[in-house]
Amino acid sequence: MTVQSTPTAFADRHIGARRQADVDTMLKAIGYDSVDGLVEVAVPDSIRQETALKLQDALTEVQVLAELRKLASKNKTAVQMIGQGYYDTVTPPVIRRNILEAPAWYTAYTPYQPEISQGRLEALLNFQTMVQDLTGLPVANASLLDEATAVAEAVLLMRRANKSKTAKDGKTVLDADLLPQTIAIVKGRAEALGFEVEVTDLSAGLPDGEINGIVLQQPGVSGRVFDHTAVIADAKERGALVTVAADLLALTLITPPGEQGADVAVGTAQRFGVPLFFGGPHAAYMAVREGMERTLPGRIVGVSKDNAGVPAYRLALQTREQHIRREKATSNICTAQALLAIVASMYAVYHGPEGLKAIAETVHGHARVLASALQKAGRELVSETFFDTLTVRVPGKAEKVIAAAEARGINLRLIDADTVGVSVDETTTPEVLSAVAVAFGAGPVGHAAGFELPASVVRTSDFLQHPVFNTHRSETQLLRYIRKLSDRDLALDRTMIPLGSCTMKLNATAEMEAISWPEFASIHPFAPDHQTAGWRELIEDLEADLTEITGYDQVSIQPNAGSQGELAGLLAIRGYHHSRGDQQRTVCLIPASAHGTNAASAVLAGMKVVVVATAADGTIDHADLTAKIEANKDVLSCIMITYPSTHGVYDADVRDVCDAIHAAGGQVYVDGANLNALVGLAQPGKFGGDVSHLNLHKTFCIPHGGGGPGVGPVAAKAHLAPFMPGDANKAVHEEGHGVAISASRYGSAGVLPISWAYVKLMGGQGLTEATKSALLAANYVASRLDEHFPVLYTGEGGLVAHECILDLRELTARTGVTAEDVAKRLIDFGFHAPTLAFPVAGTLMVEPTESEDLAEIDRFIEAMITIRAEIEQVAGGDFTVEKSPLRNAPHTAAAVVNSDWDRDYPREQAAFPVHHLKQDKYFPPVGRIDGAAGDRNLVCSCPPLEAFENTADFEN
Ligand SMILES: *Cc1c(COP(=O)(O)O)cnc(C)c1O
């Protein structure tokens, strides 16, 4: 393995336009002689970093994989029986290889363009249906970030939704048997928002006082299964809403929360085939009762229909989300956990209702066997009603039991000096049960004696009756189902995805390889530190590299999405002001062009959003900024700016903006989601930022997964160090840390090897060259397309940064053809559309990234120019806009191969607008989707199959 298989530097593969002839072609179009000359002009001197990045020299793919092997070998795998929200599981190999490790699934983007996303939308609808069935509630979303933050979202939902005059401002009551990390996260959120949280044993009844909502857990962290009916009824009587955090596997045997009267159910789908991943990424879920769907956070897949009346999936009720509602959004969550939700849904498709129930029965049976052996040996169980988890009292001997188990290769949960927890899962064998019993000083296990679930909590209702969960039982059938769905979609494995602000770049195979190695994937987040040295070394190394890249003093990779990094950074700012006695500093200035998550996160951090206007050239309006600073100078907390701005331009005055904020006692938050324009060239920590978040699922190559996973590290200057994310699993809040942001200490640790590998493969020089190439590509697109679609904003020398906004508003006014028409027409050319209507309505924002070859970029430009000619055909009267190939795009095979073709343009133009499509043609499975119809008539579970066979039925 020491022999290099390929002498080519990895950067030459990561960067698309690498041949000098291609670079020269691009430079010529822009009018420059050299890339450095272009960069000199594009990037303002005032922000340029003075020294090259000090990172380890680039490694080859072979070397990086060898280094990862070394790190992996420093982790110690064990039989993981710690539980506490994380359980070992078997990822069926057909799902691991064909979804988790399949680029058709992991390189897809969030399904905002539904016509090219029907496959992943169906898989996510299956996820929703699965959650709805198991929880007994009618509406579920398509995933949240982790269980603890999902409970926090549920608490906030209850605070929004409770309209009872007396109860709505009451306290939130958490049952003491909730996961400790959940309690820590909810308390952290509540502190910033200023509402009261009480933790109490709800099995003893409700506390006094007005109560907004209560949260129960089924089974509790102790393992106890408890009949919630009475406490739920009491809560309702008192005007409180009810959330139950529930284990999906347990719900195959236990009465679902919906049937007990809960308003909300939340939890994790991790144990449905998603590896432990040292804490994440895992898909959390949330389901609500009827009438609450409009307050539900996260994305919801719904069923609508296309322009031929064919049922089609799309994201529903998007007006709740931050893109539109900003500071009034139901949540700041944008990137969630789509890929993991898809894995979990396929696990249910694979096992079906009987299979899931059989797994649950085995788990419960094994737990009963162990309980019997322990009880026989005189060990005391804290609860004799349980599903999979036993809490065992061993006065003064807990550490000894843990050590005895570890000596047998088994991790148990150390609760305190007198108490040990054991969680059984799908992988537990009788041999393991005996070894655990012996560690407790009991004899080997025999048969289960007692411990049946009481009839009052036994589930009697059916679940997962839809055919999708009952037909794909053979592997052949399931493989074809997975393939059929992915074939309906366009992901990066088929086309460039030129989405401005999203940075859809190469997710190299070598970067992806390590994530499913057991020494990384099978580690429990609460495994003892001496078993996780490799993981922690990798994480510290990545944090150090990101510190160097950003120019800050420290980085925490805990936040598991950009939105969570924003919250972490804003809470750090809040903590800093509070530490100086500046409690009144609560105003957050946000430019009008900012990403919607910024405003939504500011609200969650307890801040008041004040919007700063945008000037005609796309930069911050300095007069308005000065006025807003002056008006708020005593209460100014911070400004949140995106750099380069969401307009894709480097604002040369950014240092002045930062100085003005600092002079007024405020802090500067630099949204670093656009770091692809900065790496190696400029450092937010050096040009005025106090804190930033980065999106590793953009700049640092973690694939988008169809809408997650993500990692949103928070990077900050030294003075904010004491307020960086703490550990939710620490019993007491650690001095010198801020509140926890994610359930586990390292958030979505499982995908960090991807970014680690990317940085090592590129080295400082490679990363810098990637940034320069991204600038070259964006400026090439801008200069080639400007005469067809004017580029809205440019900076120094008429140049853009890493993306450009194409302005269609004048064309729309003249011809009626909209930016959306262009986006949909691009599908007929086999392209995923650029970002539509953000940050400016009526525009498309194009970000080619450094990973695309000149040939692919030219194919895109050719498509855009061809489309421009079609717009001229509308202007020239060849057809009306309604009858144009633009408004009728995208064209399905069924539409084109139709004996009743009656359009004003030929079929060839519809399907093959450019010649080479005749060989390589993607036909979308559905035509243009009517979004509004789906929102009027919300259907968000698997529709009966007849709906797809008889479209007439669907119409009513
Ligand atoms: C993508 C993005 C975000 C949000 O990141 P998520 O991971 O989706 O939460 C925030 N700001 C900007 C500028 C972005 O492009």
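Residues numbered from 1 in each chain as written. Predicted model: local features only at pLDDT ≥ 70, side-chain atom pairs only at ≥ 80, totals over all residues. Heavy atoms only, no water.

Asker: Account for the nonpolar core, with residues named and values stated.
Answerer: Most often, soluble globular proteins keep nonpolar side chains buried together rather than apart. Core analysis: the biggest nonpolar cluster contains 243 residues, and Leu68, Met130 and Leu412 have the highest contact counts within it. The element that contributes the greatest number of residues to this core is helix α12 (residues 338-376), accounting for 21 residues. Every residue in contact with leucine 68, bar those within four places of it in the chain, is listed here: Ala514, Trp517, Phe520, Leu538, Pro753, Trp756 and Ala757. One finds Tyr86, Ala154, Tyr576 and Leu720 within the second-largest nonpolar core, a separate group that totals 72 residues. (Core = buried A, V, L, I, M, F, W, Y, C linked by side-chain atoms within 4.5 Å. Buried < 20%, exposed > 50% of the residue type's maximum accessible area, 1.4 Å probe, protein only. Helix = DSSP H or I, 4+ residues; strand = E, 2+ residues; numbered from the N terminus. Contact = heavy atoms within 4.5 Å.)

Asker: Outline the side chain of glutamate 321, supporting the account with residue identities and numerical values.
Answerer: Here glutamate 321 is to be found in the loop between β10 (311-316) and α11 (322-325). Glutamate 321 gets classed as buried once you look at its relative accessible area, which sits at 4%. Leaving out residues up to four positions away in the same chain, glutamate 321 has contacts with Tyr112, Gly298, Arg299, Arg326 and Ala329.

Asker: Can you tell me about the state of the cysteines, naming the residues and giving the values?
Answerer: One pass over the full model with this rule turns up zero disulfides. Unpaired in terms of disulfides, cysteine 502 finds its nearest cysteine sulfur in cysteine 334, a separation of 7.8 Å. (Disulfide = S-S within 2.5 Å.)

Asker: Which residues make up the domain arrangement of the protein, and what values do they have?
Answerer: You can read the domains of the protein as domain 1 (102-294 + 338-499), domain 2 (551-749) and domain 3 (762-889 + 891-920). Here domain 1 and domain 3 have C-alpha centroids that lie 44 Å from each other. The interface is formed by 13 residues belonging to domain 1 together with 19 residues belonging to domain 3. Taken together, both faces of the contact between domain 1 and domain 3 bury some 1400 Å²; the carbon and sulfur share is 62%. The interface formed by domain 1 and domain 3 holds one salt bridge in total. With a shortest N-O distance of 2.8 Å, lysine 824 and glutamate 115 are connected by a salt bridge. (Domains from an automatic or database assignment. Buried area = accessible area lost by both parts, 1.4 Å probe. Salt bridge = Lys/Arg side-chain N within 4 Å of Asp/Glu carboxyl O.)

Asker: Lay out helix α20 (residues 596-604) with the relevant residues and their values.
Answerer: The buried count for α20 comes to eight of nine residues, which makes it a mostly enclosed element. If you check which residues of α20 are buried, you get Gly596, Thr597, Asn598, Ala599, Ala600, Ser601, Ala602 and Leu604. Glycine 606 lies just past α20 and shows a positive phi near 75°.

Asker: Can you lay out the packing of helix α3 (residues 35-42) against helix α23 (residues 752-785) for me, pointing to particular residues and giving the numbers?
Answerer: Orientation of α3 relative to α23, taken along the N-to-C sense of each, is 85°, at an axis distance of 10 Å. The angle between the axes of α3 and α23 places the two elements in the roughly perpendicular class. Across from Val35, Asp36, Leu38 and Val39 in α3, the residues of α23 making contact are Lys772, Leu775, Leu776 and Asn779. (Axes fitted to C-alpha atoms, helices over the stretch in contact; angles between N-to-C directions. Parallel < 35°, antiparallel > 145°, perpendicular 65-115°, else oblique.)

Asker: How would you summarise the site of the ligand if you had to cite specific residues and measurements?
Answerer: Around the ligand, the surrounding shell holds 15 residues, and the nearest of these are Thr335, Ser501, Gly562, Asp671 and Lys698. The contact in question runs from a nitrogen atom of the ligand to an N or O atom on the side chain of aspartate 671, over 2.6 Å. A distance of 3.1 Å separates an oxygen atom of the ligand from a polar atom in the side chain of asparagine 695. Here the ligand has 390 Å² of accessible area as a free molecule, and 98% of this is covered by the chains. When residues of the shell around the ligand are assigned to their parent elements, the largest contribution, three residues, is made by helix α19 (residues 562-579). (Near = heavy atom within 4 Å. Polar contact = N/O pair within 3.5 Å; in protein donor to acceptor, adjacent residues only side chain to side chain. Areas by Shrake-Rupley, 256 points an atom, 1.4 Å probe, with all protein chains shown as cover.)

Asker: Tell me about the sheet that holds strand β26 (residues 929-930), and name the residues and values.
Answerer: In any sheet, the strands associate via hydrogen bonds between backbone groups, in a parallel or an antiparallel arrangement. In space, the three strands of this open sheet follow the order β10-β9-β26, with antiparallel pairing throughout. Two strands in the sheet have a free side with no partner beyond their single neighbour: β10 and β26. Across the sheet, helix α7 (residues 118-135) lies against β9 (300-306), β10 and β26, angled at about 70° from β10, the strand it touches most. (Pairing = 2+ DSSP bridges.)

Asker: Please set out the UniProt feature "modified residue: N6-(pyridoxal phosphate)lysine" (unreviewed entry) in the protein residue by residue, giving values where relevant.
Answerer: The sites that carry the UniProt feature "modified residue: N6-(pyridoxal phosphate)lysine" (unreviewed entry) are, in the present numbering, Lys698. Structurally, the position occupied by lysine 698 is in the loop between β21 (691-694) and β22 (714-716). Once you skip the residues sitting within four places of it in the chain, lysine 698 turns out to touch Ser501, Cys502, Thr503, Lys505, Ala673 and His704. (UniProt positions renumbered as here; feature names shortened; annotations may be inferred.)

Asker: Run through the pairing of strand β18 (residues 608-612), naming residues and quoting values.
Answerer: It is a general feature of regular strands that their side chains alternate between the two faces of the sheet. Two strands pair when backbone bridges link them, and strand β17 (residues 587-591) and β18 are joined in this way by five bridges, in the parallel orientation. Directly across from cysteine 588, in β18, lies its bridge partner valine 609. Where the polypeptide runs from β17 across α20 and back to β18, its parallel neighbour, the crossover connection is right-handed. (Right-handed = clockwise from strand over helix to strand, strands pointing away.)

Asker: Describe empty space enclosed by the protein, naming the residues involved and giving the relevant values.
Answerer: Inspection of the entire model under this criterion finds 10 cavities of 30 Å³ or more. The space that makes up the largest cavity amounts to roughly 190 Å³. Looking at side-chain class alone, the lining of the largest cavity contains six nonpolar, nine polar and four charged residues. (1 Å grid on protein atoms, 1.4 Å probe; cavity = no way out; pocket = protein on both sides within 12 Å on 5 of 7 lines; lining within 4 Å. Points joined across faces, edges and corners; volume = space filled by probe spheres on them. Nonpolar A, V, L, I, M, F, W, Y, C, P; charged D, E, K, R; others polar.)

Asker: Explain the pattern of salt bridges to me, and be specific about the residues and the numbers.
Answerer: Enumeration according to the criterion identifies 45 salt bridges in this entry. Between aspartate 22 and arginine 19 there is a salt bridge, with the nearest N and O atoms lying 3.2 Å from each other. Among the residues examined, arginine 19 registers a relative accessible area of 58% and is labelled exposed. Several salt bridges share partner residues, and in doing so they unite Asp529, Arg536, Asp727, Lys730 and Arg745 into one network.

Asker: Which residues make up the confidence of the model for the protein, and what values do they have?
Answerer: For the protein, the average pLDDT comes to 95, and 98% of its residues sit at 70 or higher. Overall, residues 1-6 carries pLDDT values under 50, and its contacts beyond four positions in sequence, including any with other chains, amount to six contacts. Here residues 951-956 scores under 50 on pLDDT; set against residues more than four positions off or in separate chains, the count is 11 contacts. (pLDDT = per-residue confidence, 0-100.)

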